[in-house]
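# Observations on the model geometry
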Amino acid sequence: RHAARPSRALSMANDTDAKALDAVQAQLLERGMGQLASGQAVDALATARQLVAEAPRSPDAHHLLAMCLGSTDDFDGAEGAFLAALALAPRHPLLN
């Protein structure tokens with residue numbers, strides 16, 4: 001069994017306030033992204049909320065939450081989550 005690795009697409013946080021995901025958290029990120037991509041927005045939102053609770057200093061977690069909230073038409077919540085991700089990693093390539 002291979003150890004999970006953070007998503008190459010999202011795990012580029014390198015700002016001083018940001019925190020990288022551990023292997024278990026990276027699996028949650030991948031699960032949430034897969035759920036969102038397959039149209040399971042409510043499940044993805046639950047996964048994203050769990051990830052943010054476990055990794056509150058991860059911009060990737062907040063970015064996923066923002067995408068999920070937007071997919072469930074909670075645009076105010078999505079904006080807040082996106083701003084949280086941006087505050088943690090202002091130079092993150094996917095947030096600019």
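Residues numbered from 1 in each chain as written. Predicted model: local features only at pLDDT ≥ 70, side-chain atom pairs only at ≥ 80, totals over all residues. Heavy atoms only, no water.

## Here's the deal with unusual backbone geometry
Here the phi dihedral of Asp-73 falls at roughly 65°; this positive angle occurs in a residue that is not glycine. Looking at the secondary structure, you find Asp-73 in the loop between helix 3 (59–71) and helix 4 (75–88). (Helix = DSSP H or I, 4+ residues; strand = E, 2+ residues; numbered from the N terminus.)

## A few points about the nonpolar core
In this structure, Leu-51, Leu-64, Leu-65, Cys-68 and Leu-69 are the most contacted members of the largest nonpolar core, which totals 19 residues. Broken down by secondary-structure element, the contributors of at least two residues to this core are helix 1 (23–37), helix 2 (41–54), helix 3 and helix 4. Those residues within four positions of Leu-65 in sequence are excluded, and the remaining contacts are Leu-45, Ala-48, Arg-49, Val-52 and Ala-81. (Core = buried A, V, L, I, M, F, W, Y, C linked by side-chain atoms within 4.5 Å. Buried < 20%, exposed > 50% of the residue type's maximum accessible area, 1.4 Å probe, protein only. Contact = heavy atoms within 4.5 Å.)

## So, helix 1
Helical geometry note: an α-helix holds 3.6 residues per turn, so side chains three or four residues apart project in the same direction. An ideal rise of 1.5 Å per residue puts 21 Å on 15 residues; helix 1 measures up with 21 Å between its terminal C-alpha atoms. Three or more residues of helix 1 are buried, namely Gln-25, Ala-26, Leu-28, Leu-29, Gly-32, Gln-35 and Leu-36. Where helix 1 begins, one side-chain oxygen reaches toward the backbone nitrogen of Val-24, 3.1 Å away; that side chain belongs to Asp-22. Once helix 1 finishes, Gly-39 follows within two positions and takes phi at roughly 85°, a positive value. (Expected span 1.5 Å × (residues − 1). Polar contact = N/O pair within 3.5 Å; in protein donor to acceptor, adjacent residues only side chain to side chain.)

## A word on the packing of helix 2 against helix 3
It is at 9 Å that the axes of helix 2 and helix 3 come closest, and there the two elements cross at 150°. As judged from the angle between their axes, helix 2 and helix 3 are roughly antiparallel. Remark: the crossing between helix 2 and helix 3 carries left-handed chirality. Contacts between helix 2 and helix 3 pair Ala-41, Ala-44, Leu-45, Ala-48, Arg-49, Leu-51 and Val-52 from the former with Ala-61, His-62, Leu-64, Leu-65, Cys-68, Leu-69 and Ser-71 from the latter. The class makeup of the residues in the contact of helix 2 with helix 3 is eleven nonpolar, two polar and one charged. (Axes fitted to C-alpha atoms, helices over the stretch in contact; angles between N-to-C directions. Parallel < 35°, antiparallel > 145°, perpendicular 65-115°, else oblique. Left-handed = near helix turned anticlockwise from the far one by under 90°. Nonpolar A, V, L, I, M, F, W, Y, C, P; charged D, E, K, R; others polar.)

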